[in-house]
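Below, each chain spelled out in residue letters.
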Amino acid sequence: MTKLICKRLRIILFALVLMGLSMATGYAQGSSYIFPGITTNNNITIGNLNPTATTVTINFFSTTGLLNSLSVDLGPGTQTRVNPASVSLTTFTGTVVITAPVQLAVSADQFEGSTAFDFMYPSALGSTLMIPFTGAEVASVDVNIFNPGPNQAEVKVALVQSNGVHTTTRTATLDPLHSTTIPLASGTSASYVFVTTANILRPISPVAASATIRSFNPSAAVTGAVPRSDIAIVPSVLPPTDTKTQVPFFTQGPDYFTLVQVENLSNTTNTILVTATQTDGTPFPGTSNPASIVVPPYGIVRQEMAQMFGSTNTTLSTGTITAVSQGTLFLGNPTEGHPAQITMAVAMGNLAEPSLAVILPQPAQTTFAFQIRGTDRSFFTGLSLANATANDAHVTMSFVLDSGDTLSTIPVTVPKGKGTITTLANLMPEAVGNGYLLMNSDQPITVVGLDGRSDNSALATRVPVFASPKFTPAPQASFLITGTVRDLSTGINGSNIGVPNVALSLSGPVTTTTATDLAGTYYFRDLPPGRYNLSALPVGFSATPAGTTIVITNANSRGNDFGIGLLPAGIQTVTPASAQVVSATTGSATPLPVAVQGTNFIEPSTFAGNIFVNNINKFTTGTAFVFDSSQVPTTVSSPTFLTASVPPSLLVTTGTVQVVVRNLGPSGDFVDSAPVPFIIGTTAPTLTNVTGVPSPLIAGQVANPFQVTVSGSGFTPATVVRVNFVNRPTTFVNQNQVIGTIFPSDLTIPGNVPITVQNPNTVDSAPPFNLSLFFPIPVISSITPNAITANLELTAQPVMVTVKGSNFSQAPNNPLLYAQVLVNGAPIQTNYVSTSQLTALIPANVAAVPGILQITVQNPAPSLAASNAAAISVNNPIAVISSVNGGGATFNTNSPPNDFFIQPVVVTGTNFSPNAVAWFSSPCDNLGLRQALSTQRNSAEQVIANIPIRCAGNYPISIANPQPGGGLSAPVTLNVPAVAASTITVIGTPPDGDNGTDNSNTGANDSLQNGIILEKVN
């Protein structure tokens, strides 16, 4: 009876599938794109990769209907990014629908918590949809559904188990333009789901759907795989109509797994042939490749690759998986069963890290795009390009910014019948920031991408988006230089792998610096043509070559690679250089902190290999402190200073041990410094005072040794005076006094220089007596520029100056503490270049005041005094007048002799100083320039000058800025036209009450008493 019910349900479901196929409206209905399941954690990228401009409408729908809308104009080849905050939605869960008159490129990203993320793509629209991968492995699944139609939809979510049984459903009634989420709790054992609205009592109501998978646990199928905290978003698809399907990417090998799921969407048992092909075109090694699997009606087979293909392969393999339905077979021969409609999905992840990505079949295409978001070095982007044709595929790949500006274009060849697996950083290191990759191929190729966190804690699937074959990106307007820095050594991680965090310097028409990313790649972009010098500046490594010259004419420069080799670090001081023995039975002892000053220390960088590069192991470059052959926890603060923590377990035996500083290479290689002795001993003698120290002591400027008298108790003829914990010549006087010698080499590092005493088999006296060793007094030899023009505009920027000289110091244990440039005694923002050069920014408000700026340099404490002063002259600019406005002033030629009026004149321009004065010449005489009656400065762009108008004519007006600098601007003419009595009309009430003519008052000034003078308009 149960079997009969299941069979009938399968037949009903199959009928619904067929009905859904007939009613389906497509992946994206025309130019509408539907994203169910959007929250405030999502950002949506919308691209117009068409040759014409368009207007895009974005609508936000929730469980209550339409909440808000946004309209955006997009030019050809441009992108925009929106999220709920774009329409002032601080909280949102629902669906976003994007529409436009043309096809668009659309995708979204979703970040949850501190790690998990994935990408979303538009959902299919139909009355029957399939979500081809859900969570039989104890996953939590949210099915997000949107009803875009005019009718209420009765939505059924049928949960299909691996054996094809689908007795469990979830239902919801969904009003038009409403969104909902149906949660599928853990334990539902659904391998995939159908979403259907087909109902003979209701109109057909196509819907859109997607699923978000959380808490996926592959451990039942994959031995050793940890539970997944990474999410995976699976869009709905229309039920398949083909008997062949292909997923363009898998990965299998050390620390990586791929789960393969094949679905039989027919009502008969089918045999399906599954083939795994590696990137180089060869079969994936295994005793069952191709694998022949038998799948029940509407059922699935989900297996890990090693199990499915009978593989014991331990090396990393990547490639494509193809499944072909064979129909129903009996003893290997076909029966009456026809080949079934099938589909496939793969889930991939890292065994030890909680990443998860679900990849669905992708069609081969010739023109498409990948949307890129700006990320930091904690992410990587991988690409898999597969070419199943009989010809090599020649691909043109362009990286275009959201603004439509083309950054670079490269050719890529995908060999016939093979694939290419690589990182975007390897192909195009410069492809950083918000933009897209535009791809054009002469052969159809299948491409899929994976974004991932560099520690493999999260993976996200990228699939191609639409690009019009008629669209051509803008020509590249500037150029770039790229390359890779690789380790010259081979080791446990492979040969010549890229090294992160290596600094590179570029000089030429553009001078700048950068650093390699986590794959060892670097780029300099936005470069004009010219001759450039490029150098690698690794800390703790040597570079080969040390530098190179590049000439850019009209193309990018690629392949500018460097090799690096380890350099040994050096130890100058270890503080302390001794420690008291710890009892082996002491359980409460704390680790011993140790500070080390030296050279060539490397800040640690941890790199987790990924499936797209020739390294699959984690490695750490950097410097480690090694105590008696044991590497202990180490923190590097700068190239000259580190701290370490020595566990008590290494301090249980008295005696002298050796300590070294070890530089670690990325390939597992290392090199040690020269060893320094460290004493583990008993109680020390006591030091109370040190006398005879010259003052002041300046680092590096003590020429001769000198002696000091050390007082204390417990001294013996074997007592030694130690400077920086190094033994120095000592003369025993008595048990309370010894004399020690200090060498100039002891006094080279500014700060506190410790003096201690020590007896055989004891530790150093504590606390030490500290000599104050001052930084040298800096000296300024030149400053550039030494004269500047005051920038009076409100938008004025700080002025950069370069200070050269000597003794510019940087604290050895803190690279952020260094010599500061002072202006008139106040510190300003300073950049430390070297002991002989600093750059600094003079604030705009300081650089806008004419006069003399006194520039000095102050070394960090302990410091005796600032440097000598260098002067920068700040000069007023010459004003520039763009226009004058006299308010339409005119002069009545019938005015009495010597008559005049005061006219305010608005003068507009630039560089008007606070004490600017307006000057003018009058056409009434030949007396030349004279000062305006008054000048009111409103801003650097406007003054108001009051000048007397005594006649009609041209009044040249100039603005004079005072000294220093300054001077008189070029004049601009104010024209005051003449107006005769016959061209004026008096309006108002005449004082004598007549008809408006006052014969006793014929003058213009008299007529002003009676009314308003209006000019005639001819």
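Report follows, based on the coordinates. If you're wondering where the values come from, they're calculated on a predicted model, not measured in any experiment.

Rules of the game
- Residues numbered from 1 in each chain as written.
- Predicted model: local features only at pLDDT ≥ 70, side-chain atom pairs only at ≥ 80, totals over all residues.
- Heavy atoms only, no water.
- Helix = DSSP H or I, 4+ residues; strand = E, 2+ residues; numbered from the N terminus.
- Buried < 20%, exposed > 50% of the residue type's maximum accessible area, 1.4 Å probe, protein only.
- Contact = heavy atoms within 4.5 Å.
- Areas by Shrake-Rupley, 256 points an atom, 1.4 Å probe, with all protein chains shown as cover.
- Polar contact = N/O pair within 3.5 Å; in protein donor to acceptor, adjacent residues only side chain to side chain.
- Core = buried A, V, L, I, M, F, W, Y, C linked by side-chain atoms within 4.5 Å.
- 1 Å grid on protein atoms, 1.4 Å probe; cavity = no way out; pocket = protein on both sides within 12 Å on 5 of 7 lines; lining within 4 Å.
- Points joined across faces, edges and corners; volume = space filled by probe spheres on them.
- Nonpolar A, V, L, I, M, F, W, Y, C, P; charged D, E, K, R; others polar.
- Pairing = 2+ DSSP bridges.
- Disulfide = S-S within 2.5 Å.

Here we come to the overall build of the protein chain. When its secondary structure is counted, the protein chain shows 5 helices and 86 strands. For the protein chain, the proportion of its 1018 residues judged to be buried stands at 50%. Across the protein chain, the fraction of contacts at a sequence separation of at least 24, relative to all contacts at a separation of at least 6, is 72%. By element, 54% of the accessible surface of the protein chain is carried by carbon and sulfur atoms, the whole surface being about 42,300 Å².

The subject of this paragraph is the side chain of S958. Relative to the assigned elements, S958 resides in strand β81 (residues 953–961). A relative accessible area of 4% places S958 in the buried class. Within the structure, the side chain of S958 is placed 3.4 Å from the backbone oxygen of S969, a separation counted as a polar contact. Apart from the residues lying within four places of it in its own chain, the contact partners of S958 are I881, V917, A918, W919, L968, S969, A970 and P971.

In this structure, V274 and I321 are the most contacted members of the largest nonpolar core, which totals 45 residues. Once residues lying within four places of it in the same chain are set aside, the contact partners of I321 are T245, Q246, V247, F250, V260, V274, T275, A276, M305, M344 and V346.

Here we take up the layout of surface pockets. In this model, the second largest pocket occupies a volume close to 970 Å³. When contributions to the lining of the second largest pocket are tallied by element, the ones reaching two or more residues are β38 (503–507), β39 (512–515), β51 (634–638) and β70 (829–834). A breakdown of the residues in the lining of the second largest pocket according to their chemical character gives 22 nonpolar, 11 polar and 1 charged.

With that out of the way, let us pick up the sheet that holds strand β69 (residues 826–827). Strands belonging to one sheet form pairs held by backbone hydrogen bonds; the direction of such a pair is parallel or antiparallel. If you trace the 5 strands from one edge of the open sheet to the other, you get β66-β73-β72-β68-β69, paired in mixed fashion. The open sheet has two edge strands, β66 (787–789) and β69, and neither has a second partner. As judged from the 3 bridges shared by β66 and strand β73 (residues 870–875), these two strands associate in the parallel manner. Directly across from A787, in β73, lies its bridge partner S873.

Let's shift gears to the state of the cysteines. Disulfide: a covalent bond connecting the sulfur atoms of a pair of cysteines. Enumeration according to the criterion identifies 1 disulfide in this entry. Across the disulfide from C924 sits C951; the S-S distance is 1.9 Å. Looking along the S-S bond of the C924-C951 disulfide, the torsion reads about -105°, which is the left-handed sense. Of this pair, C924 sits in the loop between β77 (917–920) and β78 (930–931) while C951 sits in the loop between β80 (942–949) and β81; the two residues are 27 residues apart in sequence, bridging distant segments of the chain. Given a relative accessible area of 34%, C924 falls into the partly exposed group. In this structure C951 comes out as buried when scored by relative accessible area, which is 15%.

The next thing to look at is empty space enclosed by the protein. Scanning all chains against the criterion turns up 2 cavities of 30 Å³ or more. Estimated volume of the largest cavity: approximately 60 Å³. In this structure, the largest cavity is lined by N43, T45, R81, S107, A108, D109, F119, Q371, I372, R373 and R462. Those elements that place two or more of their residues in the lining of the largest cavity are β2 (42–48), β7 (105–111) and β28 (365–372). Among the elements that take part in the lining of the largest cavity, β7 stands out by supplying 3 residues, more than any other. Here the residues of the lining of the largest cavity sort into 3 nonpolar, 4 polar and 4 charged. Taken as a whole, the second largest cavity spans an internal volume of roughly 30 Å³. T789, N791, A796, Q797, V799, A844, A847 and A848 are the residues that line the second largest cavity. Its residues assigned to classes, the lining of the second largest cavity shows 5 nonpolar, 3 polar and no charged.

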